[in-house]
Amino acid sequence: MIAAVVAVNLPGTTGITDLNDHGETEPREECGVFGVWAPGEEVSKLTYFGLFALQHRGQEAAGIAVGDDNNLVVFKDQGLVSNIFDESILSSLQGNVAVGHTRYSTAGGKEWRNVQPVFNTSSTGIDIALGHNGNLVNYLELREEVYELGLTKRGDESISDSSIMSLLLAHGVDEDKDVFTSAKELLPRIKGAFCLTFTDGHTLYAARDNAGIRPLCLGRLPQGWVVASETCALDIVGAQFIREIEPGELVAIDEAGVRSERFAEVERKGCVFEYVYLARPDSTIKGRSVNATRVDIGRRLAREYPAPEADMVIPVPESGNPAAVGYARESGLTFAHGLVKNAYVGRTFIQPTQTLRQLGIRLKLNPLREVIEGKKLVVVDDSIVRGNTQRALIRMLREAGAAEVHVRIASPPVKWPCFYGIDFASPGELIANVIPSDDPDVICETIREAIGADSLGFVTIDEMVAATEQPRAELCCACFDGKYPLGLPEGNPNAAAVRTLQGHQDAQAGEDN
């Protein structure tokens, strides 16, 4: 039985702001999860480095829970992993099992109480710490259940979907049901995208929704096991990749080894945007290298939208790098780094002045004039959301002397928001959705004019999917095609807007027929 819990909130680490270009919001992941069971190892430090590898999946908050059969200690706060933990803190977190989380909030507010791992205690005194990556579709239904059970105060609308799962999981543990049994009963009732790592201080648990929207993998240490959102986190702690946690699978790891049960039938719909943007390029998803996928997308993009009169290909760092390499190889053009990225501008404690905000993208990127001056450029980026960043970038490149700027995008136009764990803009803010046409050529030309490029090309959905080497039927492409395999959440204003838009489109299609 777990006897004690500590949760810590460090002073002076709130109010972190993003320096984004003129309000441009890049696609943001929700979270990264990590878990390790390794008696005799420094599990807190293993988790720290695992989270460090997953920092790209969320920069708002992070936390680690460590258990030693007697105590489950949770240490978490807002900010980056490296800002929250130091040597003394990690050394104080002693145990055999740990779960970690790095967060970007989508469901639930940014309040400290929603920082993960989330902690709750069962009626029998069993403590549980849980980390979650994804978003639930039936959040309101589960929240109402939590209200009715008296697990939280009715009217508490800022409670996250992760907290709701944790409350229900702990509530299901009693004299006759252990944590594994409670999870088996709860998970089939959860609808939406979720990858979970959780622990009762003795056993490490992991689970993945039956569609497998978000990635989750299992690795082997010499003296234990690791579960992580991406394979790059296994690499950093020296774990050998064993396999992916399957969609609809619940896993428990302790001294008896790894045991697994299926809680739902598989309806695989992995997120294609993981390959395009979200995952680190050194990760592997379903046997396919993310970097190789992006390079191949660049090759296909060069075949679909060549630029034979251009002088060189430059990427928008860092996410545009692999596709730019592929584009340059396929087209035979010179590859060059024409933009320098400030690696430290993403998170800051200093609020920029209006004057600094007007500098826009220069806070993040600066051109190498001697590389681009007088050149006809092919600029490869991963995606266009609102278009503000690309507009400012093209202006900056022209000011630095670029003769022509031809933009190539390594994904199709983003037309629809994501409700499964990525924070996109609302439908009305997506540049490809506000164009009153479904004709790809019209959409492309309208966006080209809006951002001021000499030419513009997007890779098609079919070519993007082909680069992943996964069947189209097993991928979720909702942000590109508006087809949501898990449905839309109730009570969400963006979801309501999507329903309205889809209704108008269906009506228009009926009239056209």
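Bear in mind the structure is a predicted one, so any value in this text is a computation, not a measurement. Throughout, residues of each chain are indexed from 1 in the direction in which the sequence is written. Where totals are concerned, whole chains, interfaces and linings use all residues; where local detail is concerned, this predicted model gives features only for residues with pLDDT of at least 70, and gives and counts side-chain atom pairs only at 80 or more. Here the side-chain values reflect all heavy atoms present in the structure, with hydrogen atoms and water set aside.

**Student:** How should I be thinking about the overall build of the chain in this particular structure?
**Tutor:** What counts as a helix is a DSSP run of H or I of at least four residues, what counts as a strand is a run of E of at least two, and both are numbered from the N terminus. Secondary structure summary: the chain contains 17 helices and 26 strands in total. The cut-offs for exposure are 20% and 50% of the maximum accessible area for each residue type, with area from a 1.4 Å probe on protein chains only; residues under the lower value are buried, those over the upper are exposed, and the others partly exposed. Relative to its full complement of 513 residues, the chain shows a buried share of 58%. All accessible areas in this document rest on Shrake-Rupley with a 1.4 Å probe, and a residue is counted as covered only by the protein chains that are shown. Carbon and sulfur atoms make up 49% of the accessible area of the chain, which amounts to about 19,900 Å² in all.

**Student:** Which parts of the structure should I look at to understand the sheet that holds strand β19 (residues 334-335)?
**Tutor:** Within a sheet, adjacent strands bond to each other through the backbone by hydrogen bonds, running parallel or antiparallel. Note on pairing: DSSP must find at least two bridges between two strands before they are called paired. With parallel pairing, 5 strands are arranged side by side in an open sheet as β19-β18-β22-β23-β25. Each edge of the open sheet is held by one strand with a lone partner, namely β19 and β25 (455-458). Bridge analysis of strand β22 (residues 376-381) against strand β23 (residues 404-409) gives 6 bridges, and the strand direction is parallel. In the strand pairing of β23, Lys376 is matched with Glu404. Its contacts with the sheet put helix α13 (residues 388-399) on β18 (312-315), β22 and β23, and the angle it makes with β23 is roughly 150°. Against the sheet, helix α14 (residues 440-451) contacts β23 and β25, and its axis sits at roughly 130° relative to β25. Contact between two residues is taken to exist if any of their heavy atoms lie within 4.5 Å; hydrogens are not considered. Axes, fitted as lines to C-alpha atoms, cover a helix only where it is in contact. Angles between the N-to-C directions of the axes lie from 0 to 180 degrees.

**Student:** So what exactly am I meant to see when it comes to the state of the cysteines here?
**Tutor:** Note on terminology: disulfide describes a covalent bond linking the sulfur atoms of two cysteines. Throughout, disulfides are identified as pairs of cysteine sulfur atoms within 2.5 Å of each other. Taken as a whole and assessed by the stated rule, the structure comprises 0 disulfides. Summary of cysteine pairing: Cys195 is not part of a disulfide, and the nearest cysteine sulfur, belonging to Cys217, is at 9.6 Å. With relative accessibility at 0%, the residue Cys195 sits in the buried group.

**Student:** Please clarify how the packing of helix α4 (residues 139-148) against helix α5 (residues 161-171) should be interpreted in this entry.
**Tutor:** Two packed helices can be described by the angle between their axes and the distance between those axes. Direction vectors running N to C along α4 and α5 enclose 45°, while the axes themselves pass 10 Å from each other. Comparing their axes, α5 and α4 come out oblique. Where α4 crosses over α5, the handedness of that crossing is left-handed. Residues Tyr139, Leu142, Arg143, Glu145 and Val146 of α4 form the contact with α5, whose participating residues are Asp161, Ile164, Leu167 and Leu168. Class assignment for the residues of the contact of α4 with α5 results in 6 nonpolar, no polar and 3 charged. Angle categories are assigned with fixed cut-offs, so that under 35 degrees is roughly parallel, over 145 is roughly antiparallel, 65 to 115 is roughly perpendicular, and the rest are oblique. Each crossing gets its hand from how the near helix is turned against the far one by less than a right angle, where anticlockwise is left-handed and clockwise is right-handed. Throughout, the ten residues Ala, Val, Leu, Ile, Met, Phe, Trp, Tyr, Cys and Pro are labelled nonpolar, Asp, Glu, Lys and Arg are labelled charged, and all others, Gly among them, are labelled polar.

**Student:** Teacher, can you tell me more about the UniProt feature "binding site: Mg(2+)" (unreviewed entry) in the chain here?
**Tutor:** UniProt positions are given in the numbering used here, feature names are shortened, and annotations may be inferred rather than shown by experiment. Mapped onto the present numbering, the UniProt feature "binding site: Mg(2+)" (unreviewed entry) falls on Ser319, Asp381 and Asp382. Taken along the chain, the residues just named run across 64 residues; in space they keep tight, none of their C-alpha pairs more than 7.2 Å apart. Here Ser319 shows up in the loop between β18 and α10 (321-331). Once residues lying within four places of it in the same chain are set aside, the contact partners of Ser319 are Tyr277 and Asp382. In protein, a polar contact requires one atom able to donate a hydrogen and another able to accept it; more generally it is a pair of N or O atoms within 3.5 Å, and residues adjacent in sequence count only if both atoms are side-chain atoms. Among the polar contacts listed, one links the side chain of Ser319 to the side chain of Asp382, at a separation of 2.3 Å.

**Student:** Just checking my understanding: could you explain the packing of aromatic side chains for this structure?
**Tutor:** A ring pair, where both rings are aromatic, is described by two values, the distance of the centres and the angle of the planes. Working definition: rings of Phe, Tyr and Trp (its six-membered ring) pair if their centres are within 6.5 Å, and the pair is stacked with planes under 30 degrees apart, edge-to-face with planes over 60 apart, and tilted otherwise. Enumeration according to the criterion identifies 10 aromatic pairs in this entry. Between Phe198 and Tyr205, the ring centres sit 5.0 Å apart and the planes meet at 10°, which makes this aromatic pair stacked. Given the relative accessible area of 1%, Phe198 is considered buried. Relative accessible area serves as the criterion here: at 4%, Tyr205 is assigned to the buried category. Taken together, the ring pairs in this structure connect Tyr48, Phe49, Phe52, Phe75 and Phe85 into an aromatic cluster. Counted as over-ring charges are cases with an Arg CZ or a Lys NZ within 6 Å of the ring centre that also lie within 35 degrees of the ring normal. We note Arg259 situated over the ring of Phe180; from NZ or CZ to the ring centre the distance is 4.4 Å.

**Student:** Where do I start with the sheet that holds strand β5 (residues 97-103) in this structure?
**Tutor:** The strand order across the open sheet built from 7 strands is β4-β3-β5-β2-β11-β10-β12, with neighbouring strands paired in antiparallel fashion. Each end of this open sheet is capped by a strand with a single partner; those strands are β4 (72-78) and β12 (240-244). Neighbouring strand axes in the sheet, compared pairwise and without regard to direction, differ in orientation by 15° on average. The sheet contact formed by strand β2 (residues 31-37) and β5 spans 7 bridges and is antiparallel. Looking across to β5, one finds that Cys31 is bridged to Arg103.

**Student:** Quick question: what am I supposed to make of the side chain of Thr199 here?
**Tutor:** Topologically, Thr199 is positioned in strand β8 (residues 195-199). Residue classification places Thr199 among the buried residues on the basis of a relative accessible area of 0%. Separated by 3.0 Å, the side chain of Thr199 and the backbone nitrogen of Gly201 make a polar contact. Ignoring sequence-local partners within four residues, the contact set of Thr199 consists of Leu72, Val97, Val99, Asp127, Ile128, Ala129, Leu204 and Tyr205.

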